[in-house]
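# Observations on the three-dimensional arrangement
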Amino acid sequence: MENYKNIIKEIYSDVKKVNDIGKVANYIPELAFVKADNFSVHISTINKEGFGVGDFDKKFSIQSISKILSLTLAYKLEGEKLWERVDVEPSGNPFNSLLQLESDLGKPRNPFINSGAIVVCDILFSHLKNPKEDFLKFCKDISDNSTLNYNKKVAQSEKDSGFRNIALTNFIKSFGNIKNNVDDVLDFYFHICSIEMNSKEISEIFLFLADDNFTTRKGERVITKSQAKRINAIMLTCGFYDESGEFAFKVGLPGKSGVGGGIVAIHPDKYCITVWSPKLNEKGNSYKGMLFLEKFTSKTTSSIF
Ligand code: GLU
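Residues numbered from 1 in each chain as written. Predicted model: local features only at pLDDT ≥ 70, side-chain atom pairs only at ≥ 80, totals over all residues. Heavy atoms only, no water.

## As for the overall build of the protein chain
- Per the secondary structure count, the protein chain includes 13 helices and 9 strands.
- Here the C-alpha atoms of the protein chain give a radius of gyration of 18 Å, agreeing with the 19 Å that 2.2 N^0.38 yields for 305 residues.
- When its C-alpha atoms are laid out on the principal axes, the protein chain stretches across 55 × 45 × 35 Å.
- Across the 305 residues that make up the protein chain, the buried fraction comes to 58%.
- With an accessible surface of roughly 12,700 Å², the protein chain has 51% of that area assigned to carbon and sulfur atoms.
- Side-chain charges of the protein chain comprise 40 positive and 38 negative groups, with the mean position of each set lying 2 Å from the other. (Helix = DSSP H or I, 4+ residues; strand = E, 2+ residues; numbered from the N terminus. Rg over C-alpha atoms; globule rule 2.2 N^0.38 Å. Buried < 20%, exposed > 50% of the residue type's maximum accessible area, 1.4 Å probe, protein only. Areas by Shrake-Rupley, 256 points an atom, 1.4 Å probe, with all protein chains shown as cover. Lys, Arg positive; Asp, Glu negative; His and termini not counted. Charge placed at Lys NZ, Arg CZ, Asp CG, Glu CD.)

Here it is, written out as structure tokens:
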């Protein structure tokens, strides 16, 4: 950990000085109110050590990072049948694209683009009695963190401006791959995206993907080892929209980003690290977050390759 700490401090101060050419997401109006120069890093190891710099205790909208959690719960409940409705191929297209759905007959390429995450929400909606409450409880149980919550303002803001997601859901429904009411599924999806966490909480909640022996406080496994392996594989190949190849090339870890400017990356058997910097590059990934992680895995020589 000492080694990680020194390297994190050093890279943090280097990257902080870099001129950020990214832009804060504003297509969800409520997200644009965030302070653009927030910048934080937090690492949690499987030995339960943690270290952070910057605004790591400030909560933000985790947006698509939550797609890992919705996938995890859907995989747990639905098992391998899940893959009949969502594929596991990189899309090579923007996160909110409708293009491939026409030729793929409504089966999204993967669970980390919006179309795939919306089908995952539909699957969860069919399984859960009280979808929003039950999903939040699942997140609280994994992280042993009762403070987790949705940001209703952000969910409403996305609902009011989510024209592409509305189009995507209706389009998928026309192929029969959405079973529930479109408005209900979207409301659930927007809430899941609006969950707020700080960088420390994010690096802790995903330890179940880094640590093969992870159990919750109640002593329960979250998912099987094989399921964790598969989720990591999808993160590596599909976690960064149409920049997933670039992230694997530069950083070399499974990860997932969100338009709130957060990135989480996992080193199986070692650690989980989160970087938050709200300005995004043109592909929708945090500009400084990518830069930080590239330097971090290079300096610590701790990628999976
Ligand atoms: N709620 C956002 C959307 O659906 C999530 C996008 C993201 O973080 O990739 O557009």
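So, next bit.
## Structural notes on the pairing of strand S3 (residues 50-54)
- Here strand S2 (residues 40-45) runs beside S3; their pairing, made up of 5 bridges, is antiparallel. The residue bridging Val41 from the neighbouring strand is Val53, located in S3.
- From the end of S2 to the start of S3, which pair antiparallel, there are 4 residues, and Lys48 there has a positive phi angle of about 70 degrees. (Pairing = 2+ DSSP bridges.)

## So, the site of the ligand
- Surrounding the ligand, one finds 14 residues, the nearest of these being Tyr27, Gln63, Ser64, Tyr189 and Tyr241.
- Glu158 places a side-chain nitrogen or oxygen 2.7 Å from a nitrogen atom of the ligand.
- Note that an oxygen atom of the ligand is positioned 2.4 Å from one of the side-chain N or O atoms of Tyr241.
- The protein chains hide 99% of the 300 Å² of surface that the ligand would expose on its own.
- Residue classes in the shell around the ligand are distributed as 7 nonpolar, 5 polar and 2 charged. (Near = heavy atom within 4 Å. Polar contact = N/O pair within 3.5 Å; in protein donor to acceptor, adjacent residues only side chain to side chain. Nonpolar A, V, L, I, M, F, W, Y, C, P; charged D, E, K, R; others polar.)

## Details of the pattern of salt bridges
- Considering all chains together, one arrives at 15 salt bridges under this definition.
- Put simply, Asp187 and Lys132 hold a salt bridge, and the shortest N to O gap is 2.7 Å. Of this pair, Asp187 sits in helix H8 (residues 182-194) while Lys132 sits in helix H5 (residues 131-143); the two residues are 55 residues apart in sequence, bridging distant segments of the chain.
- A single network of salt bridges, built from pairs that share partners, joins Lys132, Lys159 and Asp187. (Salt bridge = Lys/Arg side-chain N within 4 Å of Asp/Glu carboxyl O.)

## Some words on helix H7 (residues 163-174)
- Taking 1.5 Å per residue as the helical rise, H7 with its 12 residues ought to reach 16 Å, and the 17 Å between its terminal C-alpha atoms agrees with that figure.
- Here H7 has its buried residues at Asn165, Leu168, Thr169 and Ile172. All buried residues of H7 lie within an arc of 95 degrees about the axis, which places them on one face of the element. Away from its buried face, by an angle of more than 90 degrees, H7 presents the exposed residues Phe163 and Ser174.
- For H7, the secondary structure elements touched by its buried residues are helix H3 (99-103), helix H4 (114-127), helix H6 (152-161) and H8. (Expected span 1.5 Å × (residues − 1). Arc of directions from axis to C-beta. Contact = heavy atoms within 4.5 Å.)

## Some details on the packing of helix H2 (residues 66-78) against H4
- At a minimum axis separation of 9 Å, H2 and H4 run at an interaxial angle of 45 degrees. It follows that H2 is oblique to H4 by the angle criterion. The handedness of the crossing between H2 and H4 comes out as left-handed. Each of Lys67, Ser70, Leu71, Leu73, Ala74, Leu77 and Glu78 in H2 lies in contact with H4, whose residues at this interface are Asn114, Ala117, Val120, Ile123, Leu124 and His127. (Axes fitted to C-alpha atoms, helices over the stretch in contact; angles between N-to-C directions. Parallel < 35°, antiparallel > 145°, perpendicular 65-115°, else oblique. Left-handed = near helix turned anticlockwise from the far one by under 90°.)

## Quick word on the packing of H6 against H8
- At their nearest, the axes of H6 and H8 sit 8 Å apart, and the two run at 135 degrees to each other. Classed by the angle they form, the pair H6 and H8 counts as oblique. For H6 against H8, the interelement crossing comes out right-handed. Across the interface between the two elements, Lys152, Val154, Ala155, Glu158 and Lys159 of H6 pack against Asp187, Tyr189, Phe190, His191, Cys193 and Ser194 of H8.
- When grouped by side-chain class, the residues that make up the contact of H6 with H8 number 5 nonpolar, 2 polar and 4 charged.

## Digging into unusual backbone geometry
- At Leu105, a position not held by glycine, the phi torsion is positive, near 50 degrees.
- Topologically, Leu105 is positioned in the loop between H3 and H4.
- Exposure remark for Leu105: the relative accessible area of 60% places this residue in the exposed category.

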